[in-house]
Amino acid sequence: MNISINYFGMIAESTGKSSEKIETAEIRTVNDLRKELVNRYPNLSTYEFKIAIDANLVEDENEKLKPGALVALLPPFAGG
Amino acid sequence: MEKKKPKKVFVQGAISPEKIATSIAHHQVKTNIGAHDIFLGQVRADEIDGKMVKAIDYSAYEEMAENKFHEIRESAFEKYDLTCMHIYHSLGEVKAGEICLFVFTSSKHRKMAMDACRYLVEEIKAQVPVFGKEIFEDESHQWKVNS
């Protein structure tokens, strides 16, 4: 499965990149993806972040990922 | 109607006092308005561990943020009897003392304008994916988190 990922704020700083595409057969759910990313970037385990799919926040990380999903890792908001 | 038109919220850099004054002036022709309320967010020169914040560098997940701003606008128009509403938020660097958020609500009477303004500010802070890097005078930084 092909997934595009965007990183923001302190998360982008931690991973050292603002976006990437990953291809994996292992990932089925949003939670699988979270685990995979923390595995790739161990520093992420020290940050709090939410996940958005196609610009909508994921409520339940057991949600299945669809091929081509646009994923975003969002650290705490700081607007205003 | 103004409320159905998607509006661009983000502006590059600080929001100038002149922009705010011009925005107020534009409403003088709307004589059904009896009350405005305005919220201005200003970058604070916090001292953290002996270092002063000199600016905040704002970034956003812009596509999602514009959608959220639109949803928040629509819900404010549903909840409150407003004549019009304007929201501007900075992206990029805003120096301490400069304005980074401008929320402007107008209604026939003060209560609607004031309640809507507060509602908008709270929703923006909680729901819109904007990120702020606090830059210190020695060029080091930390990431701001809304309380």
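Look up: the structure comes first, before these words.
**Student:** Tell me about the interface of chain B and chain A, residues and numbers included.
**Tutor:** On the chain A side, the residues contacting the 23 residues of chain B number 16 residues. Interface area for chain B against chain A, summed over the two sides, is near 1,700 Å², with a carbon-plus-sulfur share of 65%. It is Tyr61(B), Phe131(B) and Trp143(B) that lose the most area in chain B upon contact with chain A, and together they represent 38% of the buried surface on that side. Counting the contacts that link chain B with chain A gives zero salt bridges. Counting every contact that joins chain B to chain A gives nine residue pairs in polar contact (both at pLDDT 80 or more). Of all the elements in the fold, those that place two or more residues in the side of chain B that touches chain A are strand E4 (51-60), helix H2 (62-79), strand E6 (99-107), helix H3 (110-127), strand E7 (130-136) and strand E8 (141-144) of chain B.

**Student:** Give a detailed account of the nonpolar core, specifying residues and quantitative values.
**Tutor:** Counting 31 residues, the largest nonpolar core has Ile5(A), Leu33(A), Leu65(A), Val71(A), Leu73(A) and Leu74(A) as its most contacted members. Those elements that place two or more of their residues in this core are strand E1 (2-7), helix H1 (9-15), helix H2 (30-40), strand E3 (50-53) and strand E5 (70-74) of chain A. If you tally residues by element for this core, the top one is E5(A), at four residues. If near-sequence neighbours (up to four positions away) are discounted, Leu33(A) is found in contact with Ile3(A), Ile5(A), Ile22(A), Ile27(A), Leu65(A) and Val71(A). One finds Tyr58(B), Ile72(B), Leu120(B) and Val128(B) within the second-largest nonpolar core, a separate group that totals 28 residues.

**Student:** Could you give me a rundown of the layout of surface pockets, with the residues and numbers involved?
**Tutor:** Approximately 290 Å³ is the volume attributed to the largest pocket. Forming the walls of the largest pocket are 16 residues, and the residues nearest its centre are Gly80(A), Arg44(B), Lys125(B), Lys144(B) and Asn146(B). No other element matches strand E2 (residues 35-42) of chain B, which puts three residues into the lining of the largest pocket. Each residue belonging to the lining of the largest pocket can be placed in one class, and the counts come to six nonpolar, five polar and five charged. Forming the walls of the second largest pocket are 13 residues, and the residues nearest its centre are Lys50(A), Pro76(A), Phe77(A), Lys125(B) and Ala126(B). A total of three residues in the lining of the second largest pocket trace back to one element, the largest contributor, which is H3(B).

Cut-off values and rules
- Positions within a chain are numbered from 1, following the residues in the order the chain's sequence is written.
- Both sets of labels track the order of writing: A upward for chains, 1 upward for ligands.
- With pLDDT at 70 or above as the cut-off, local features in this predicted model cover only qualifying residues; side-chain atom pairs require 80 or more to be listed or tallied, and sums for whole chains, interfaces and linings still use all residues.
- Side-chain numbers here rest on the full set of heavy atoms in the structure, without hydrogens or water.
- Here, residues are in contact when the closest pair of their heavy atoms is within 4.5 Å.
- The term buried area means the drop in 1.4 Å probe accessible area that two parts suffer when joined, counted for both and summed.
- Whenever a carboxyl oxygen of Asp or Glu lies within 4 Å of a side-chain nitrogen of Lys or Arg, that contact is scored as a salt bridge.
- Polar contact criterion, stated in full: a pair of N or O atoms within 3.5 Å, where within protein one must be able to donate a hydrogen and the other to accept it, and residues adjacent in sequence count only if both atoms are side-chain atoms.
- Helix and strand definitions here come from DSSP, where helices need a minimum of 4 consecutive H or I residues and strands a minimum of 2 consecutive E residues; each element is numbered from the N-terminal end.
- Buried Ala, Val, Leu, Ile, Met, Phe, Trp, Tyr and Cys residues form a nonpolar core when they are joined through side-chain atoms within 4.5 Å.
- Only protein chains enter the calculation, and the probe is 1.4 Å; a residue is then buried if its accessible area is under 20% of its type maximum, exposed if over 50%, and partly exposed in between.
- Any residue with an atom within 4 Å of a point lines the site, the site being either a cavity, points on a 1 Å grid over the protein atoms alone where a 1.4 Å probe fits but cannot get out, or a pocket, an open set with protein on both sides within 12 Å along at least 5 of 7 lines.
- Grid points are joined across faces, edges and corners, and a volume is the space filled by probe spheres set on the points.
- For this scheme, ten residues count as nonpolar: Ala, Val, Leu, Ile, Met, Phe, Trp, Tyr, Cys and Pro. Four count as charged, namely Asp, Glu, Lys and Arg, and the remainder, Gly too, count as polar.

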